[in-house]
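# Report on the structure
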Amino acid sequence: MADFDYSQVKDLIDSLPTGLWLDEANVAASDGATFPVQDPATEEVLAQVADGTSADWMRALELADAAKGDWAAFAPRERSVILTEIFNEVTRRKEDFARVMTLEMGKPYRESLGEVAYGAEYIRWFAEEAVRIPGRYSQAPAGNGTITVSHTPVGPVLAITPWNFPLAMATRKIAPALAAGCPVIVKPAAETPLTMLLFGQVIAEVFERHDVPAGVFSMITTTKSADLSSELMADARLRKVTFTGSTGVGKILVRQSADNLQRTSMELGGNAPFLINDDADLDLVLDCAMAAKMRNGGEACIAANRFIVHEAIAEEFTQRLTEKMSAVTMGHGLDESTTLGPIITAKQRDTISALVDGAVAAGATVTTGGTAPEDSGFFYPATVLTNIPDDAEILRTEIFGPVATVTTFSTLEEGVDKANDTEFGLAAYGFTENVHTADYLAHALEAGMVGINRGAISDAAAPFGGIKESGFGREGGAEGIMEYISMRYIAKP
Ligand code: NAD
């Protein structure tokens, strides 16, 4: 399963920039240290990447602070043109991006191409938004003056991103920050820095054509995130932290932001319910279930974690889901027949294994999958579990892998109560053919995003984000740019 011929991609791997993006492109870490990036399908080391230090981070902040005025003074139309050129270049090089992404993250090549298109779409969207940042003017009600509300860039931004969508999770932050006129320092996940390093190369080329000052965009790859981000956040020149990752790390960053009252956006974990009423169209449900569960191999914050099914159709649903999950082909993401790549790390694979084993020990039934193969590479098979006790850990935590849990309900209210019985509130899915039930579910499910008869909900034109412990702030839509904007009220006669 893990065999792969690297000679096919040798040139691409050799061409990857592996340094930091500071005032110059592609520079070594200040102490010369590097760290390895692995192919999770074979455990092969793909590249050694600069391991940024405290001095590198502070240099990035210094540059960002120095550049903030110049960048804010760029005409919105010019910022828009720059972003459009970045969009065009990412789109032109989509195959390179997709190959690199598959190599370092593991997802099947077709899915990587999908992520490149999705990630690029945020750049295009915010290129369009750059020239539409609103303001307002009105007469004061008392007639004694006027009210002007203007929007200014928030200032230097730190963007910390996860490994599961190496491009899109970053473009959702970089594009609105740049569109709003903010310099941005990006810290990609240490597991998947290569996609972003390629992106840095594209940005550097476009910026050079437009004489964009050093410091408007910097990127620090590092294995020392925890120490370095706290140091950066202790510096009042940093004005905003935008984070996508686990709820635990999000809470640390929010606490760290308190001293300087930095603005924060937190896109955190989820535990999405996928509620299926007895009047749902099962053909549609099955297609959407596979999309919501198996996109990115289940390593997605909005992945369906808990299938909550009306008892009248639970048996048929489980049987048909089991058939579909059994047909999934595990392998290297660059192999054309692969529909499920590896899990990102051995640790994450073991976490998934432990959740499944714990549920089985508590009485759950495995209808397909359930055992990790012993070959090299961090694989875990598509798995379906039923008869799961309500208090099983697997129902309470984010699985982040290709495991579907099926539980049942007898009344819609009971189903909704089960769906909402979680501290998370990122995405939720509801399936019914009844328009009133659809409306009820759209409002009763507690989540920042609700899909009704839809298994794929992400859209650059829509506000992506959660409630409860899934965080706050929105990425995409008309709302996304406001995360990078400070509001100013000006009173005049
Ligand atoms: P993670 O929280 O471990 O890491 C995310 C990023 O934070 C990485 O770049 C990591 O290096 C960095 N980091 C880790 N500790 C840090 C610290 N103390 N200070 C500063 N930076 C730190 O998460 P992960 O394992 O990379 O990603 C998986 C998680 O991300 C899941 O919980 C998933 O739900 C969540 N996620 C959320 C969304 C969303 O939009 N809500 C999208 C994708 C992933």
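Before reading further, recall that the structure is shown in the block above.
All of these numbers come straight from a predicted model, not from anything done at the bench.

This part takes up unusual backbone geometry. Backbone geometry at N296 places phi at a positive 60°, although glycine is not the residue there. In this structure, N296 sits in the loop between α10 (282-294) and β11 (304-310). Looking at N296, the relative accessible area reads 3%, which means it is buried.

Glancing now at the sheet that holds strand β19 (residues 471-472). Strands belonging to one sheet form pairs held by backbone hydrogen bonds; the direction of such a pair is parallel or antiparallel. A sheet is described by the order of its strands in space; here six strands give the open sequence β7-β6-β5-β8-β9-β19, paired in mixed fashion. Each of the sheet's edge strands pairs with one partner strand only, and the pair in question is β7 (217-219) and β19. As defined by bridge partners, strand β5 (residues 157-160) adjoins strand β8 (residues 240-244) across four bridges and the pair is classed as parallel. When the sheet's bridge partners are listed, V157 is paired in β8 with K240. Along the sheet, helix α7 (residues 194-209) makes contact with β6 (184-187) and β7, crossing β7 at roughly 155°.

We now examine the packing of helix α3 (residues 76-92) against helix α5 (residues 109-129). Helix-helix packing is described using two parameters, namely the angle between the two axes and the distance between the axes. Close contact between α3 and α5 brings their axes to 8 Å; oriented N to C, the two are set at 165°. Compared by their axis directions, α3 and α5 come out roughly antiparallel. Between α3 and α5 lies a crossing of left-handed hand. Counted together, S80, L83, T84, I86, F87, V90 and T91 of α3 and V116, A120, E121, I123, R124, F126 and A127 of α5 form the full contact between these two elements. Residue classes in the contact of α3 with α5 are distributed as nine nonpolar, three polar and two charged.

A full pass over the atoms with the stated rule returns 22 salt bridges. Two residues, D51 and K224, come together in a salt bridge whose shortest N-O distance is 3.8 Å. On the criterion of sequence distance, the pair formed by D51 in the loop between β2 (45-50) and α2 (54-73) and K224 in the loop between β7 and α8 (225-233) is long-range, its members being 173 residues apart. Here D350 makes a salt bridge to R349, at a shortest N to O gap of 2.9 Å. Among the residues examined, D350 registers a relative accessible area of 43% and is labelled partly exposed. Using a relative accessible area of 14% as the deciding quantity, one classes R349 as buried.

The ligand sits among 28 residues. The nearest are T161, K187, S246, L268 and E398. Contacts to the ligand include T161, whose backbone N or O atom sits 2.6 Å from an oxygen atom. One of the side-chain N or O atoms of S225 is found 3.2 Å from an oxygen atom in the ligand. Summarising the interface, the protein chains cover 86% of the accessible area of the ligand, which totals 840 Å² for the free molecule. Residue assignment for the shell around the ligand shows that the elements contributing at least two residues are α6 (168-180), α8, β8 and α9 (247-257). When residues in the shell around the ligand are grouped by element, the largest group, three residues, is from α8.

Analysis parameters
Residues numbered from 1 in each chain as written. Predicted model: local features only at pLDDT ≥ 70, side-chain atom pairs only at ≥ 80, totals over all residues. Heavy atoms only, no water. Helix = DSSP H or I, 4+ residues; strand = E, 2+ residues; numbered from the N terminus. Buried < 20%, exposed > 50% of the residue type's maximum accessible area, 1.4 Å probe, protein only. Pairing = 2+ DSSP bridges. Contact = heavy atoms within 4.5 Å. Axes fitted to C-alpha atoms, helices over the stretch in contact; angles between N-to-C directions. Parallel < 35°, antiparallel > 145°, perpendicular 65-115°, else oblique. Left-handed = near helix turned anticlockwise from the far one by under 90°. Nonpolar A, V, L, I, M, F, W, Y, C, P; charged D, E, K, R; others polar. Salt bridge = Lys/Arg side-chain N within 4 Å of Asp/Glu carboxyl O. Near = heavy atom within 4 Å. Polar contact = N/O pair within 3.5 Å; in protein donor to acceptor, adjacent residues only side chain to side chain. Areas by Shrake-Rupley, 256 points an atom, 1.4 Å probe, with all protein chains shown as cover.

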